[in-house]
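# Structural features, examined
Here is how the chains run, residue by residue.
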Amino acid sequence: MSRSTPLFLWLILGFVAVVILANTLFIVDQREEAVVLRFGEPVRVIHAPGQPGAGLNVKQPFVENVIQFDRRNLALEADQEEIIDADQQRLVVDAFLRYRISDPLQYYRTLRNEQIAQDRLERLVNSSLRQVLGSTTQSDIISARRDQLMQQSKLDVARRAKESRLGIEIIDLRIKRADLPEANRANVYRRMQSQRQQLAAQFRAQGEQQKREIIATADKQVAITLADAQQIGETTRGQGDAQRTRIFADAFGKDPSFAKFYRRMQAYEAGLGQGDTTMILSPEDTDILREMHQGPGAAAGAAKR
C-alpha cells in the first residue's frame, strides 16, 4: 500500500497540473479576437488593433474565461421588408449588410453574441430602409437613384450603430431585390400591358397616317412626272413631225417620181398593212408590181421604152 501511494499521488498531481494548464493556456486564431472575462466582466482583449497578437495566451485558471469573436467582415441577410414609397406603392425589399466588429469589449457589453447582434442590426436596417426608401418613388428605388439611396441608408445605419454603442463598423449595405408584393403584381402587370397596348395603338395610328401622307405625296409626284413627260413627248413628237415634213417636202421637190412612189407605197401600206386584204391585179397594173420591185421611176422608164 505504501509503494502505490506515491504513484497515486503523482497521478493526481499530474491530472491537476493538466487541468490547471488547460484552464490557463488558450490559443487565439489569426482570424479571431478574444475577450477575457473575469467573473463575467470583460477585462482585456487579445488580437484586437493595438492589443497583443494571436497565438498561445495565458489567463488565470478558474477565474477568467475567454470568448472569441470573428474579426473578419461578416454578412447579414436581412428578412424581406415591405415598404411604402412616396407614391403609396408597396414594395418588397431584400437587403444584405456587410459589417465587422471594431470594438470587441463594447460589442460584448452591448450585444453579448452574434445572434443578438444580427437581430439588432436587422432591426436597424429595416427601420432605415423604411425611412429612406419611403421618401422616394418606385422608379428611383429600382433604377435611377438606387446607389445614392443605398449610400444614404448605409450612413444612416452606421450612425445609429455608433449612437447605440454596438462596437460595430458598417462596411456596406445593398438591396438584392426590390419587387412588388404578390397580391399587387398581377394588377400592375395588367396595367402595364394596357399602357403598352395603348402606346402601340398610338404608334400604329401615327404610322398609318404617315403611310397615307407618303402615298399621297408619291401619287402626286407620279402624276406631275407623267404630265411633264407627256408634255415633253408631245413637244418632241411635234418637232419630229415638223422635221419629217420638211424632209419630205425637200425630197418631193427634188424628185417628183419619188414623191409619187412614196404616196403610192403609203396607199399600199394602208390597204395591205392589216394582213386581211386581198389585192387582185390585172395585167394593166403591172406597173405597181414593177415599182414594188424596182423602185420609183420604173413604170415611167418602161413607158418610154
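Bear in mind the structure is a predicted one, so any value in this text is a computation, not a measurement.

With that settled, consider the overall build of the protein chain. The helix and strand inventory of the protein chain stands at 9 helices and 9 strands. The proportion of buried residues among the 305 residues of the protein chain is 26%. Excluding contacts between residues fewer than 6 apart, the proportion of contacts in the protein chain whose partners are at least 24 apart in sequence is 66%. With the model as given, the accessible surface of the protein chain reaches about 20,700 Å², and the carbon-plus-sulfur share is 54%.

On to the sheet that holds strand 2 (residues 32-38). Spatial ordering of the open sheet is given by 3-2-5, a layout of 3 strands whose pairing is antiparallel. The sheet is open, and its two edges are formed by strand 3 (41-46) and strand 5 (64-70), each paired on a single side. Taking the axes of each pair of neighbouring strands and ignoring which way they run, one obtains an average angle of 30 degrees across the sheet. Examined bridge by bridge, strand 2 and strand 3 share 5 bridges and lie antiparallel to one another. From the neighbouring strand, Val36 faces strand 3, where its bridge partner is Arg44.

Unusually for a residue other than glycine, Phe39 sits at a positive phi of about 55 degrees. One can find Phe39 in the loop between strand 2 and strand 3. Residue classification places Phe39 among the exposed positions, given a relative accessible area of 69%.

The next thing to look at is the pattern of salt bridges. As enumerated under the stated definition, the model contains 16 salt bridges in all. Here Glu64 ties to Arg44 by a salt bridge, and the two come within 3.4 Å at their closest N and O atoms. Of this pair, Glu64 sits in strand 5 while Arg44 sits in strand 3, and the two are 20 residues apart along the sequence. Residue classification places Glu64 among the buried residues on the basis of a relative accessible area of 4%. One salt bridge in this structure joins Glu234 and Arg237, with 3.1 Å as the shortest N-O distance. Taken as a pair, Glu234 and Arg237 lie in helix 6 (residues 182-254) at a separation of 3 residues, close to a single helical turn. Under the relative-accessibility criterion, Glu234 is labelled partly exposed at 45%. Looking at Arg237, the relative accessible area reads 46%, which means it is partly exposed. One connected set of salt bridges, linked through shared partners, spans Asp156, Arg159, Arg160 and Glu163.

Counting residues in each nonpolar core, the largest one holds 36 residues, and the members touching the most others are Val93, Leu97, Tyr99, Leu121, Val125, Leu133 and Ile168. Among the elements of the structure, strand 2, strand 6 (74-77), strand 8 (90-101), helix 2 (104-111), helix 3 (114-133), helix 5 (146-163) and strand 9 (168-179) are those that each provide at least two residues to this core. Examining the composition of this core, we find that 7 residues originate from one element, helix 3, more than from any other. Sequence-distant contacts of Ile168, defined by excluding residues within four places in its chain, comprise Tyr99, Arg100, Ser102, Tyr107, Leu111, Ala117 and Leu121. Of all hydrophobic cores here, the second largest spans 5 residues; its members include Phe26, Val28, Val36 and Ile46.

Looking now at the pairing of strand 2. With 5 of 7 residues buried, strand 2 is to be regarded as a mostly interior element. Between strand 2 and strand 3, which pair antiparallel and follow one another directly, the connecting turn spans 2 residues, one of which, Phe39, has a positive phi of 55 degrees.

As a further point, take the side chain of Asp94. With respect to the helices and strands, Asp94 occurs in strand 8. When its relative accessible area of 11% is taken as the criterion, Asp94 is described as buried. In this structure the side chain of Asp94 is engaged in a polar contact, spanning 3.5 Å, whose partner is the side chain of Gln80. Setting aside its immediate chain neighbours within four residues, Asp94 contacts Asp79, Gln80, Arg174, Ile175, Lys176 and Arg177.

Next up on the list: helix 5. For an α-helix, 3.6 residues make a turn, and residues three or four places apart therefore share a direction. Compared with an ideal rise of 1.5 Å per residue, which puts 18 residues at 26 Å, helix 5 spans 26 Å between its outermost C-alpha atoms and is within 8% of the ideal. All buried positions along helix 5 are accounted for by Leu149, Met150, Ser153, Lys154, Asp156, Val157, Arg160 and Ala161. For helix 5, the buried positions fall inside an angular range of 165 degrees around the axis, keeping them on one side. Pointing more than 90 degrees away from the buried face of helix 5 are the exposed residues Asp147, Leu155, Lys162 and Glu163. Just downstream of helix 5 lies Arg165, where phi reads positive at about 55 degrees.

Calculation rules
Residues numbered from 1 in each chain as written. Predicted model: local features only at pLDDT ≥ 70, side-chain atom pairs only at ≥ 80, totals over all residues. Heavy atoms only, no water. Helix = DSSP H or I, 4+ residues; strand = E, 2+ residues; numbered from the N terminus. Buried < 20%, exposed > 50% of the residue type's maximum accessible area, 1.4 Å probe, protein only. Contact = heavy atoms within 4.5 Å. Areas by Shrake-Rupley, 256 points an atom, 1.4 Å probe, with all protein chains shown as cover. Pairing = 2+ DSSP bridges. Axes fitted to C-alpha atoms, helices over the stretch in contact; angles between N-to-C directions. Salt bridge = Lys/Arg side-chain N within 4 Å of Asp/Glu carboxyl O. Core = buried A, V, L, I, M, F, W, Y, C linked by side-chain atoms within 4.5 Å. Polar contact = N/O pair within 3.5 Å; in protein donor to acceptor, adjacent residues only side chain to side chain. Expected span 1.5 Å × (residues − 1). Arc of directions from axis to C-beta.

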